[in-house]
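As a plain string of letters, each chain reads:
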Amino acid sequence: MINNNIILIGPLATGKSTVAAKLSEITGLLNFPIDKLKWYYRFKNGYNLQTSTEILSNKGFEELIAYVEAFFGTNELKSILNEFEGIIDLGATDSYCDTLQRMRELKRFFHDFPNIFLILPSKNKKKSKEILDQRLYKRYEKDPLKAPVMESYMKMNEKFINSNYNRQIAKHVIYAADKSIETIAKEILKKSQFDNYERRATFLQRVS
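Just so we're clear, the structure is a prediction, and the values are computed from it rather than from any experiment. (Residues numbered from 1 in each chain as written. Predicted model: local features only at pLDDT ≥ 70, side-chain atom pairs only at ≥ 80, totals over all residues. Heavy atoms only, no water.)

Enquirer: I tried to follow the packing of aromatic side chains on my own but got confused; where do I start?
Expert: Aromatic ring pairs: the centre-centre distance and the angle between the two ring planes describe each pair. For the structure on display, the rule yields 15 aromatic pairs. Consider the rings of F109 and F110, whose centres lie 4.9 Å apart with planes at 80 degrees: the pair is edge-to-face. Comparing F109 with F110, the two get one shared label, buried. Through successive ring pairs, a cluster of aromatic residues spans W39, F43, Y47, Y67 and F71. Directly above the aromatic system of W39 lies the positively charged group of R42, at a separation of 4.7 Å from the ring centroid. When the ring centre of Y47 is taken as reference, the NZ or CZ atom of R42 above it lies at 5.2 Å. (Phe/Tyr/Trp six-rings, centres within 6.5 Å; stacked < 30°, edge-to-face > 60°. Buried < 20%, exposed > 50% of the residue type's maximum accessible area, 1.4 Å probe, protein only. Lys NZ or Arg CZ within 6 Å of the ring centre and 35° of its normal.)

Following this line, the structure appears as structure tokens:
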């Protein structure tokens, strides 16, 4: 039986949350942002907010990723994907691959999920980086915690964009620059597989 979840992955500020909200509106499927759901597991597993804040402030975003992975990993993500059905918006760190081993781990993990969409601004990697840098600057320029380490966010995004590992995890890549949210959502729904044809046809009719 086909898994009906639509799973969105991508770097920071690529528009996953906005697209997820639109897909939820169109389909009526619930939206489950992993960046919010993961806090339950983090604190359950002993996550220390003060420690993470100090790491982010003193060492940057990549060091923070190394810390938080111990409190929310593939086992916790598997629990969420097995429990919930709908639009699953993964945080940038949840599909971030910096090694071949990590890519293979995630590829095995997502093997049975046909609707995994990597969202990037553009096929052109330089243009993608420029767009995301601008969005991150606008988002965090007045944030007292994140503004001082914004460069580390941008560096992680650059690695995400340049890596081919993430493209191997995804079943589809969506280039979103210069497209409306409705257009992106329709493109995703056209490429998605569901457990019956009528369900897919109904979703597409709503964006026709």
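Enquirer: Help me understand helix 3 (residues 49-59), please; the structure alone is not making it clear to me.
Expert: Along an α-helix, a turn takes 3.6 residues, which lines up residues three or four apart on a common side. Taken together, the buried positions of helix 3 are occupied by S52, I55 and L56. For helix 3, the buried positions fall inside an angular range of 95 degrees around the axis, keeping them on one side. Residues Q50 and N58 are exposed on helix 3 and point more than 90 degrees away from its buried face. The N-terminus of helix 3 is capped by N48, whose side-chain oxygen sits 3.0 Å from the backbone nitrogen of Q50. Of the residues one or two after helix 3, G60 is the one with positive phi, at around 100 degrees. (Helix = DSSP H or I, 4+ residues; strand = E, 2+ residues; numbered from the N terminus. Arc of directions from axis to C-beta. Polar contact = N/O pair within 3.5 Å; in protein donor to acceptor, adjacent residues only side chain to side chain.)

Enquirer: Help me understand the pairing of strand 4 (residues 116-120) in this model?
Expert: For strand 4, a buried count of 5 out of 5 residues is recorded, marking the element as mostly surrounded by other parts of the structure. Across the two faces of strand 4 the burial is the same, with I116, L118 and L120 and F117 and I119 all buried. Bridging between strand 1 (residues 6-9) and strand 4 involves 3 bridges; their strand directions are parallel. Residue pairing in the sheet places I7 in a bridge with I116 of strand 4. Here strand 4 runs beside strand 5 (residues 172-175); their pairing, made up of 4 bridges, is parallel. Of the residues in strand 5, the one forming a bridge with F117 is H172. (Pairing = 2+ DSSP bridges.)

Enquirer: Any chance you could explain the nonpolar core here in plain terms?
Expert: Here is a general trend for soluble globular proteins: nonpolar side chains tend to be buried in one another's company. Membership of the largest hydrophobic core comes to 45 residues, with the highest contact counts inside it found for I7 and F110. Considering every element that reaches this core, the biggest residue donor is helix 8 (residues 150-162), with 6 residues. Not counting the four nearest positions on each side in its chain, F110 is found in contact with I7, L77, L81, L90, I116, I169 and K171. One finds F117, I184, F203 and V207 within the second-largest nonpolar core, a separate group that totals 20 residues. (Core = buried A, V, L, I, M, F, W, Y, C linked by side-chain atoms within 4.5 Å. Contact = heavy atoms within 4.5 Å.)

Enquirer: Could you clarify how one ought to interpret the pairing of strand 1 in this entry?
Expert: Looking down a regular strand, the side chains alternate between one sheet face and the other. Residues I6 and L8 line one face of strand 1 and the alternating positions I7 and I9 line the opposite face, and both faces are buried. Bridge count for strand 1 against strand 3 (residues 87-89) is 3 bridges, and the pairing is parallel. Residue pairing across strands places I7 opposite I88, the latter belonging to strand 3.

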